[in-house]
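Coordinates in review
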Amino acid sequence: MTKRTKGSDASFLMQGSILAIASIVSRIVGLIYRIPLQATIGDTGNDYYGTAYEIYNIILLISSYSIPLAVSKLVSARMAKGHVKDANKVLHGALLFAFISGSLASIIVFFGAEFFTGSLLKTPLSAIALKVLAPTLLVVAILGVFRGFFQGLGTMIPSAISQIGEQIVNAIVSVVAANILFSYGKRVGGVLGDVKGYSAAFGAAGGTLGTSTGAGFALIFILFIFFAFKKPFARMQKKDSNKHLESYGDVLPILIMTIIPVLLSTTVYNISSIIDQGIFKNLALLQGYKTSVTSKAWGVFTGKYKVLINVPLSIASAMAASTVPSLTAAFNSKDTKLVKKQINMANRFVMIIAFPCTVGIMVLASPILQLLFNDAEKSSAMMLIIGGCSVVFYSLSTLSNGILQGIDKMTIPVKNALIALVAHVVLLFILMEAFHLHIYAVIIANAFYALMMCILNQSAVLKFSGAYIDIRRVVLAPLEASAIMGVVAYLIYHVFDGIFVMITSARVANFFACLIAIFVAIIVYFVSLLLFKGVDEETLLKFPGGRKLCDMAYSLHLLR
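Thresholds applied
Residues numbered from 1 in each chain as written. Predicted model: local features only at pLDDT ≥ 70, side-chain atom pairs only at ≥ 80, totals over all residues. Heavy atoms only, no water. Helix = DSSP H or I, 4+ residues; strand = E, 2+ residues; numbered from the N terminus. Rg over C-alpha atoms; globule rule 2.2 N^0.38 Å. Buried < 20%, exposed > 50% of the residue type's maximum accessible area, 1.4 Å probe, protein only. Contact = heavy atoms within 4.5 Å. Areas by Shrake-Rupley, 256 points an atom, 1.4 Å probe, with all protein chains shown as cover. Lys, Arg positive; Asp, Glu negative; His and termini not counted. Charge placed at Lys NZ, Arg CZ, Asp CG, Glu CD. Core = buried A, V, L, I, M, F, W, Y, C linked by side-chain atoms within 4.5 Å. Disulfide = S-S within 2.5 Å. Salt bridge = Lys/Arg side-chain N within 4 Å of Asp/Glu carboxyl O. Expected span 1.5 Å × (residues − 1). Phe/Tyr/Trp six-rings, centres within 6.5 Å; stacked < 30°, edge-to-face > 60°. Lys NZ or Arg CZ within 6 Å of the ring centre and 35° of its normal. Patch = residues over 30% accessible without salt bridge, like charges linked within 9 Å, V, L, I, M, F, W, Y side chains within 5 Å. Bend = angle between axes of the 7 residues up to and from the residue. Axes fitted to C-alpha atoms, helices over the stretch in contact; angles between N-to-C directions. Parallel < 35°, antiparallel > 145°, perpendicular 65-115°, else oblique. Left-handed = near helix turned anticlockwise from the far one by under 90°. Nonpolar A, V, L, I, M, F, W, Y, C, P; charged D, E, K, R; others polar. Polar contact = N/O pair within 3.5 Å; in protein donor to acceptor, adjacent residues only side chain to side chain. pLDDT = per-residue confidence, 0-100.

Re the overall build of the protein chain
From N to C terminus, the protein chain includes 20 helices and zero strands. Expected size for 560 residues packed as a compact globule is a radius of gyration near 24 Å; at 24 Å, the protein chain falls within 12% of this value. Per-residue burial for the protein chain yields a buried fraction of 56% across its 560 residues. Excluding contacts between residues fewer than 6 apart, the proportion of contacts in the protein chain whose partners are at least 24 apart in sequence is 83%. Surface accessibility of the protein chain: about 23,200 Å² in total, with carbon and sulfur atoms responsible for 72%. Averaging the locations of the 44 positively and 24 negatively charged side chains of the protein chain gives two centres separated by 6 Å.

Right under this line is the structure:
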């Protein structure tokens, strides 16, 4: 392996790790603030919040979600050739595109809020929260351009810091605004004769106000970084000796043609969520379920189940984002050896996290829900037990989506997502109509969708990249280590819960038993993974804090 390859390899994993850590921190902050938010607005408020968010996400996907990935890909390709001036034109062209698409999206969402929430998703009161979210679409579009630009330059730090700052501001504003607007909603509801509905609706709007404020903060921060970087970047442009410069007429069509396949892929890939909600709520209504029952079930699904599932998925998203520019550079340089190595390493990194998270969520489903949301309902725990496996499937499919985009196979994820989406919708109808599984039908159909995407995308990655996945180290080792961890965590939790419940309240007993079980589970998993050769010194050293992990492993005689 050459020095360049080693450097690129280490940088690739380190940049991915930085973004992954930022994503995890952001998700944890997001998880923490959802606890007081849930306590304020309740499951019905979560339904309103989730409905508004689903519509916002779909419009975001269509208007600008693909911009960061496309910009990072185009900037990375030009910087790899030393064409700095062309990379600058990509930035300016993308800003123009983002302003137009973001503005249109904001207008459509604001004036179409009642139609989207009431006519399509049978949740009319969530229009209040959706209107608050509307301006965020323009802010996020412009923010995405700058994040993609820095990622294309090979640094994830501006994106990582802005992401954490965005989530912290979001958390603070969401909780404060939800409490203030919840009280205001009570007064409005008292006048209109629906105190519960309007208080939950205005509380949900307070939650979405946090999203808008957080995005605004992130944009201000990344603009500050950009203006600080302008002088060094100008000097880089002066050194660019390329005489065949691209015009904006060249750049914009390339940008749009790069965005469209990514847009289609991400839209089809993520649109299943809003389709699920439309099918579920409309069929549940026809089957005679009370609106309050359906609203509560969807509130638990979107406000608890999805929040918990999305924490480990953030790692896969981060690795996908960091994989695209690095793979694009390696692919354009025709460094097939590096391409194959990075694909294998990215899969390994994601699986080391996804498997224990899956097992932990399934084994400690009820304790975690009680710990975080004071929810001891069996139906809520069953959602996590049934759907926990989707963490692995979604992690792999998200990563493979990014890999395929990085090796210029951007239309393949679109085709795969369409196939999986059709099968997913058919299965959801069958589970709802023939088996009357209510909310569990949504969870099973979601896991099936993720499994299909995982199989189709991974097959395409192996076919077109020529990469070979080391099944023993990438899949079996973390699976075996996670299985042992799961058994130990289950036993430890129930032993300590039984002890603590004799001397304190059930809630306090669950708190300490859960924390002890998780702490022991982490140690057991780390030791088991080393014993099963799922990770070696070379890989550990490329992780943040890798030297300390290696020293610990050597002191325990787990590495030789």
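Description of the nonpolar core
Counting 87 residues, the largest nonpolar core has Phe 301, Leu 308, Ile 343, Met 351, Leu 384, Ile 439 and Leu 530 as its most contacted members. For Ile 343, the residues in contact, after removing those within four places along its chain, are Leu 327, Ile 403, Val 461, Ser 465, Ala 467 and Ile 469. Counting residues in hydrophobic clusters, the runner-up holds 35 residues, among them Tyr 48, Leu 60, Ala 129 and Leu 137.

Here we look at the state of the cysteines
Under the counting rule described, the total for this entry stands at zero disulfides. Free of any disulfide, Cys 357 has its nearest neighbouring cysteine sulfur in Cys 514, separated by 14 Å. Here Cys 454 is not disulfide-linked; the sulfur of Cys 389 is the nearest cysteine sulfur, at 11 Å. Classification of Cys 454 by relative accessible area gives buried; the value is 9%.

Looking at the pattern of salt bridges
Evaluated as defined, the whole model comprises eight salt bridges. Asp 43 is paired through a salt bridge with Lys 304; the nearest N and O atoms lie 3.4 Å apart. Here Asp 43 is found in helix 1 (residues 3-65), whereas its partner Lys 304 is found in helix 10 (residues 291-332), with 261 residues between them in sequence. In this pair, the class of Asp 43 matches that of Lys 304, namely buried.

So, helix 18 (residues 506-531)
Across its 26 residues, helix 18 extends 36 Å between first and last C-alpha, which sits within 8% of the 38 Å expected from 1.5 Å per residue. Considering only its buried residues, helix 18 is in contact with helix 11 (336-363), helix 12 (365-373), helix 17 (471-500), helix 19 (537-541) and helix 20 (546-555). In the stretch just after helix 18, Lys 533 is the one whose phi turns positive, near 60°.

A word on the packing of aromatic side chains
One pass over the full model with this rule turns up 19 aromatic pairs. Between Phe 110 and Phe 111, the aromatic rings sit 5.2 Å apart at their centres with planes inclined by 80°, giving edge-to-face as the arrangement. Take Phe 111: its relative accessible area is 67%, and that puts it in the exposed class. Ring plane angle 85° and centroid distance 5.1 Å describe the contact between Phe 511 and Phe 512, whose orientation is recorded as edge-to-face. Overall, the relative accessible area of 36% leaves Phe 511 in the partly exposed class. Through a chain of ring-to-ring contacts, the aromatic side chains of Phe 146, Phe 149, Phe 150, Phe 226, Phe 227, Phe 229 and Phe 233 assemble into a single cluster. Between the NZ or CZ atom of Lys 131 and the centre of the ring of Phe 110, over which it lies, the distance is 5.4 Å.

Focus: a nonpolar patch on the surface
A surface patch of nonpolar side chains, amounting to about 500 Å² of accessible area, comprises Leu 96, Phe 99, Ile 100, Leu 104 and Ile 108. Position of Leu 104 relative to the elements: it lies in helix 3 (residues 84-120).

A word on helix 17
With 30 residues, helix 17 should cover 44 Å at 1.5 Å per step; its first-to-last C-alpha distance of 42 Å lies within 8% of that length. Considering bend angle alone, the principal kink of helix 17 is centred on Ala 477 and spans about 25°; proline Pro 478 follows within four residues of it. Those residues of helix 17 that sit buried are Val 474, Ala 477, Pro 478, Ala 481, Ser 482, Met 485, Gly 486, Ala 489, Tyr 493, Asp 497 and Phe 500. The elements touched by buried residues of helix 17 are helix 11, helix 12 and helix 18.

Concerning the packing of helix 2 (residues 67-80) against helix 3
Helix 3 packs onto helix 2 with a crossing angle of 165° between their chain directions and a minimal axis gap of 8 Å. In this view, helix 2 runs roughly antiparallel relative to helix 3, as classed from their interaxial angle. As helix 2 packs across helix 3, the resulting crossing turns out to be right-handed. In contact with Ile 67, Val 71, Leu 74, Val 75, Arg 78 and Met 79 of helix 2, helix 3 contributes Val 84, Asp 86, Ala 87, Val 90, Ala 94, Phe 97, Ala 98 and Ser 101. Classifying every residue of the contact of helix 2 with helix 3 by side-chain character gives 11 nonpolar, one polar and two charged.

A word on the side chain of Asn 347
Tracing the backbone through its elements, the reader meets Asn 347 in helix 11. Residue classification places Asn 347 among the buried residues on the basis of a relative accessible area of 2%. Only 2.8 Å separates the side chain of Asn 347 from the backbone oxygen of Ile 343, close enough to count as a polar contact. Not counting the four nearest positions on each side in its chain, Asn 347 is found in contact with Leu 396, Leu 399, Ile 403, Gln 458, Ile 469 and Val 474.

Here we look at unusual backbone geometry
The phi dihedral of Lys 122 is positive, around 55°, even though this residue is not glycine. Its place among the elements puts Lys 122 in the loop between helix 3 and helix 4 (127-133). A positive phi angle, close to 50°, is found at His 436, a residue other than glycine. By the element assignment, His 436 lies in the loop between helix 15 (411-433) and helix 16 (439-465).

Details of a positive patch on the surface
A cluster of basic residues, Lys 231, Arg 235, Lys 238 and Lys 239, forms a positive patch at the surface. Within the secondary structure, Arg 235 sits in helix 7 (residues 195-238).

Quick look at the environment of Ile 443
Position of Ile 443 among the secondary structure elements: in helix 16. Here the alpha-carbon distance between Ile 443 and Phe 512, two residues 69 residues apart in the chain, equals 30 Å.

Considerations on the confidence of the model for the protein chain
Looking at the protein chain as a whole, the pLDDT averages 86, with 92% of positions reaching at least 70. Segment residues 1-8 is flagged for pLDDT under 50; beyond a separation of four residues in sequence, or across chains, it makes eight contacts in the model.

Some details on the side chain of Ser 482
Among the structural elements, Ser 482 can be located in helix 17. Other than its neighbours up to four places away in sequence, Ser 482 contacts Phe 355, Pro 356, Val 359 and Tyr 525.

Points about the environment of Leu 264
Its location among the elements puts Leu 264 in helix 8 (residues 248-270). Sequence separation between Leu 264 and Pro 478 is 214 residues, and the spatial gap between their C-alpha atoms is 33 Å.

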